[in-house]
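Letter by letter, the chains look like this.
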Amino acid sequence: MRITTCCKSKLIVVGFLFAYFGIMPLSAQFEIYKEAPATAKPGDQISFRITYRNVGSTIQHNVVIEDILPVAGGDYEYIGSSPQGVYDAGTGKITWTKNEIPELENFNAGEGVIHIYGRIGKKFIDNNHYPNGYYLSNPPVETFYNTATIKSEDVTTPLASN
């Protein structure tokens, strides 16, 4: 099978006997993955890594990457990111646009990486009761769910990370 991509369409030729023209779904242009530590203890500083890619043959315009951190309940503290995104402490959302990552204005085939840094747990005033002075609201184990998304002017439905 041979697949040729041009102008957001694809031509599929099977055995040179059958041809199909159709619109290629633009969401296939993007891939986004998020890596995080498997476990962490209260007080641990952790980092997430977002890898995003344009795997298509067309330039994506005004790409937006968003990540909503698990700040509900106060058991996660945002420290920063590289490159620095726009952080909304009320929602826990970090946004990266062409203003923070210039390549996102006209994102050609390729990949980029974002690192996010934070701390697990709440700071307790009395350090004698909790190791490192940090604790979780729902001990002994709390699970954090967190997904990053990517979209553009061309792909308006956000694609979510793993």
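Located above this text is the structure these notes cover.
Residue numbers run consecutively from 1 along every chain, following the written order of its sequence. Thresholds applied to this predicted model are a pLDDT of at least 70 for local features of residues and 80 or more for the giving and counting of side-chain atom pairs; totals over whole chains, interfaces and linings are not thresholded and use all residues. The side-chain quantities take in all heavy atoms of the structure and omit both hydrogens and water.

Novice: I'd love a proper account of the sheet that holds strand 9 (residues 86-88), names of residues and values included.
Specialist: In this analysis, strands are considered paired if DSSP registers two or more bridges between them. Helical segments are the DSSP runs of H or I of at least four residues, strand segments are the runs of E of at least two, and each set is numbered from the N terminus. Taken in spatial order, the five strands line up as 9-10-7-15-16 in an open sheet, and their pairing is antiparallel. On the outer flanks of this sheet lie strand 9 and strand 16 (159-160), each paired with one strand and no other. In the sheet, strand 7 (residues 64-68) pairs with strand 10 (residues 93-96) via four bridges, with the strands oriented antiparallel. When the bridges of strand 10 are listed, D67 appears paired with I94.

Novice: An account of the pattern of salt bridges is requested, with residue identities and associated values reported.
Specialist: Salt bridges, as used here, are contacts in which a Lys or Arg side-chain nitrogen is within 4 Å of a carboxyl oxygen on Asp or Glu. This model, assessed by the stated rule, comprises seven salt bridges. Across the salt bridge formed by D67 and K34, the nearest N and O atoms sit 2.5 Å from each other. Highlighted residues: D67 in strand 7 and K34 in strand 4 (residues 30-35), separated in sequence by 33 residues. No difference in accessibility class separates D67 from K34, as the two residues are buried. When a residue's accessible area, from a 1.4 Å probe over protein chains only, is under 20% of the maximum for its type it is buried; when over 50% it is exposed; and in between it is partly exposed.

Novice: For the nonpolar core, give the residues involved together with the corresponding values.
Specialist: Of all hydrophobic cores here, the largest spans 24 residues; its most connected members are Y52, I65, L69, Y76, W96, I114 and I116. For this core, the secondary-structure elements that each account for two or more residues are strand 4, strand 5 (45-54), strand 8 (76-82), strand 10, strand 12 (110-120) and strand 15 (148-151). Residue contributions to this core peak at four residues, all from strand 5. Not counting the four nearest positions on each side in its chain, L69 is found in contact with K34, F48, Y76, Y78, Y87, T91, G92, I94, I116 and N146. Residues belong to one nonpolar core when they are buried, are Ala, Val, Leu, Ile, Met, Phe, Trp, Tyr or Cys, and are joined through side-chain atoms within 4.5 Å. Residues count as neighbours in contact if any of their non-hydrogen atoms are within 4.5 Å of one another.

Novice: Tell me about the sheet that holds strand 12, and please be specific about residues and values.
Specialist: Read from one edge to the other, the open sheet built from four strands follows the order 4-5-12-8, with strand pairing classed as antiparallel. Edge strands, defined here as strands with exactly one partner in the open sheet, are strand 4 and strand 8. Looking at each pair of strands side by side, their axes are set apart by 20° on average, direction ignored. As paired elements, strand 8 and strand 12 share six bridges and run antiparallel to each other. To obtain an axis, a line is fitted to C-alpha atoms, over the contacting stretch when the element is a helix, and the angle between two such axes runs from 0 to 180 degrees between their N-to-C directions.

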